[in-house]
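Observations on the model geometry
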Amino acid sequence: MRSAYKKYTAKDGYYTEYLYYRCSSPLKIGICGVGAISANDLEYAIALLFAQIRIPDNWQKTLLNRLKKRRKKPAQTKDQLKRRLENINYLFEIDQMGRKEYDRKRLEIESALARLKPLKIDKVTKDTAKLLANFAMIWQQATRREQQRLIASIVESIEMDQDKETIYATVIVKRDLRLLFDLATDGEALGIRQKRNNKGKN
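Everything numeric in this text was worked out from a predicted model, so none of it was measured.

What counts as what
- Residues numbered from 1 in each chain as written.
- Predicted model: local features only at pLDDT ≥ 70, side-chain atom pairs only at ≥ 80, totals over all residues.
- Heavy atoms only, no water.
- Salt bridge = Lys/Arg side-chain N within 4 Å of Asp/Glu carboxyl O.
- Helix = DSSP H or I, 4+ residues; strand = E, 2+ residues; numbered from the N terminus.
- Buried < 20%, exposed > 50% of the residue type's maximum accessible area, 1.4 Å probe, protein only.
- pLDDT = per-residue confidence, 0-100.
- Contact = heavy atoms within 4.5 Å.

Bringing the pattern of salt bridges into the picture now. The final tally for this structure, using the stated rule, is eight salt bridges. The shortest N-O distance in the salt bridge between Arg-84 and Glu-108 comes to 3.2 Å. Residue Arg-84 is located in helix α3 (residues 78-93), and its partner Glu-108 is located in helix α4 (residues 99-115); the two are separated by 24 residues in the primary sequence. Overall, Arg-84 belongs to the partly exposed group, its relative accessible area being 27%. With a closest N to O distance of 3.0 Å, Lys-105 and Glu-101 form a salt bridge. Here Glu-101 and Lys-105 lie together in helix α4, a separation of four residues that amounts to about one turn. Residue classification places Lys-105 among the partly exposed residues on the basis of a relative accessible area of 23%.

Here is the structure:
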């Protein structure tokens, strides 16, 4: 599904704002069997899903351990990598190395140096963990616009189907947040099977 868009309809001399999510398929293959769906319906279902997620107390330690297992340790030491960086800088300055080769090697060395730095959890992940810990309360107190921003801060895309009464969807969270959600859900997909509900804040 694509991000929401707005449609204005004249009614009794006034303009009313409607917010929808619509299928992204037409942009690629020209066919869409899902069509548009009210943002109230879909975001209400996503909010119910997020409100049920529980972040473990030791999530930061567990997440760091998983990151360490994923990280590939460079073959060279920090001092060796810095010397290599100085060498290619010098060769590039005296025109003994072309731009393309220089950029490739510099990126390789800088990536290796970054992998030697102590691991830490970024601010976005920490803020999202706090949000999920109190999602139901925050959602209830938020304005309609704030609710939309809460969803947008977490969700990358939505794979869905629907009928007249029920929404079926899989929520894909943003890449930087996937380890956190995998930890909270034991790797289970974020699936929704929700009866339509047209209630929502405006």
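Taken residue by residue, the protein gives an average pLDDT of 79. The fraction at 70 or more is 75%. Looking at the elements of the protein, mean pLDDT is at its lowest for strand β1 (residues 5-11), recorded as 47, and at its highest for helix α6 (residues 135-141), recorded as 95. This model gives residues 1-9 a pLDDT under 50, and the stretch forms 37 contacts once residues within four places in sequence are excluded. The model gives residues 26-30 a pLDDT under 50, and that stretch makes four contacts with residues more than four places away or in other chains.

On to unusual backbone geometry, then. The phi dihedral of Asp-95 is positive, around 60 degrees, even though this residue is not glycine. With respect to the helices and strands, the residue Asp-95 is situated in the loop between α3 and α4. We note that Asp-186 has phi near 55 degrees; this positive angle belongs to a residue other than glycine. Looking at the element boundaries, Asp-186 is found in the loop between α8 (178-185) and β6 (190-195).

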